[in-house]
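Structural characterization, general
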Amino acid sequence: MRHAYGVLIVIGAAWALTIPLTRIVAQTGAEPLGLILWQLIIMVVVLSALLRARGLSWPGLRRHFVLLLGIALLGTVVPNFFTYLAAAQLPAGIMAIIISMVPMFGLPIALMLGFERPELRRGAGIGLGAVAMVMIAGPEASLPQGTQAIWVLVALLSPLCYGCEGNFVAWRGASGLEPLQMLWGASVLGLGLVAGLVLVTGTFVPLSPRPGTLEVALLASTLLHVVAYLGYLWLVTRAGPVFSAQVSYVVTGFGVLFSMALLGERYAPGVWAALALSLIAIALVQPRQADPAGQS
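Analysis parameters
- The numbering scheme is per chain: residues are counted from 1 as the chain's sequence reads.
- Confidence filtering applies because this is a predicted model: local features only for residues at pLDDT of at least 70, side-chain atom pairs given and counted only at 80 or more, and all residues used for totals across whole chains, interfaces and linings.
- Hydrogens and water are ignored here; the side-chain numbers use all heavy atoms of the structure.
- Patches here are clusters of residues that have more than 30% relative accessible area and form no salt bridge, with a 9 Å joining cutoff for like charges and a 5 Å cutoff for nonpolar side chains (Val, Leu, Ile, Met, Phe, Trp, Tyr).
- Per-residue and other accessible areas were derived by the Shrake-Rupley procedure at a 1.4 Å probe size, with only the shown protein chains allowed to occlude residues.
- Whenever a carboxyl oxygen of Asp or Glu lies within 4 Å of a side-chain nitrogen of Lys or Arg, that contact is scored as a salt bridge.
- Strands are runs of DSSP state E lasting at least 2 residues, helices are runs of H or I lasting at least 4, and numbering of each runs from the N terminus.
- Each Phe, Tyr or Trp ring, with Trp reduced to its six-membered ring, pairs with another whose centre is within 6.5 Å; inter-plane angles below 30 degrees give stacked pairs, above 60 give edge-to-face pairs, and intermediate values give tilted ones.
- Each residue is assigned to one of three classes by its accessible area relative to the maximum for its type, calculated with a 1.4 Å probe on protein chains only: buried under 20%, partly exposed between the two thresholds, exposed over 50%.
- Orientation is described by axes fitted as lines to C-alpha atoms, over the contacting stretch for helices, and by angles from 0 to 180 degrees between their N-to-C directions.
- Comment on the angle field: the value is read as roughly parallel under 35 degrees, roughly antiparallel over 145, roughly perpendicular from 65 to 115, and oblique elsewhere.
- Each helix crossing is assigned a hand: it is left-handed if the near helix lies turned anticlockwise from the far helix by less than a right angle, otherwise right-handed if that turn is clockwise.
- Throughout, a residue-residue contact means that at least one pair of heavy atoms, one from each residue, lies within 4.5 Å.
- Ten residue types, Ala, Val, Leu, Ile, Met, Phe, Trp, Tyr, Cys and Pro, are classed as nonpolar, four, Asp, Glu, Lys and Arg, as charged, and the remainder, Gly among them, as polar.

Some remarks on a nonpolar patch on the surface
- A cluster of nonpolar side chains, L113, F115 and W171, forms an exposed patch at the surface whose accessible area comes to about 340 Å².
- With respect to the helices and strands, the residue F115 is situated in the loop between α5 (102-113) and α6 (120-137).

What follows is the structure in structure tokens.
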């Protein structure tokens, strides 16, 4: 496929930009559940328009309930909740490195389920990823004053959820649904669930009719997430999952750079060392690289 690397960079950059935007949203002090509610509202509206534009049918929510609920919980509601909690405490660049740990969680789960076979190279990658996280939580990382290392563990719950989501979908199967249909159905179920939680907990976040920092950052991050996620799924179908998995490098690298540019963040040598280790870990954990040339 021509221009596959260009598409990969654009998708990864869009995804990476959501990381400092999430930090901006989280620092407003708004309740995570209230933020997720608005996120899902935006996603349902956008995805509904895309479904109609592509002429796809609405997936049966009752028929695919278990699949869609699993995607909603593991892919949006739970990881985003922990992401907002941690992003209010940790620099966005560190969040970008932590989010790159998805393969480190996904592979052991896949091994336990029999989806993958043990391999020394990939096992070493998991070990290096763990070392990178220890370095981030350690004193050498120079976390902001008053920040407790426990927030690194909280942030790690997000890639854990994403690793579980990938294996859940592999185990459950797509049930004949297009990726766009799955994302729409999961967003609708997630919206219903979160709306109930917000109502019970009283954590609704009112948005201003005059868009400010919160409103602009929330809208931008949500739209970028939808574009990047659907773009990634599109790339998988065109260039294959092995090639597309390289997006992890782009998201991590650009996430750090965007955080420096937009938020003025600067990092201690320990963080840069952890970044280097995490990129090496990603390279080791991923399946053997495939060249997209000639694929269509």
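Resuming the write-up.
Examining the packing of aromatic side chains
- Evaluated as defined, the whole model comprises 8 aromatic pairs.
- On the basis of an interplanar angle of 50 degrees and a centroid distance of 5.9 Å, the ring pair of W38 and F204 is categorised as tilted. With W38 in helix α2 (residues 32-54) and F204 in the loop between α8 (179-201) and α9 (213-239), this pair connects stretches of sequence that are 166 residues apart.
- Judged by relative accessible area, W38 falls into the partly exposed class, the value being 22%.
- Given a relative accessible area of 47%, F204 falls into the partly exposed group.
- One aromatic cluster in this structure is built from W15, Y229 and Y232.

A look at the packing of α5 against α6
- Direction vectors running N to C along α5 and α6 enclose 135 degrees, while the axes themselves pass 9 Å from each other. On the basis of their axis angle, the class for α5 and α6 is oblique. The interaxial crossing formed by α5 with α6 has left-handed handedness. Between α5 and α6, the contacting residues are M104, L107 and P108 on the first element and R122, G125, I126 and G129 on the second.
- Class assignment of the residues belonging to the contact of α5 with α6 gives a composition of 4 nonpolar, 2 polar and 1 charged.

Geometric values such as these leave the question of function open.
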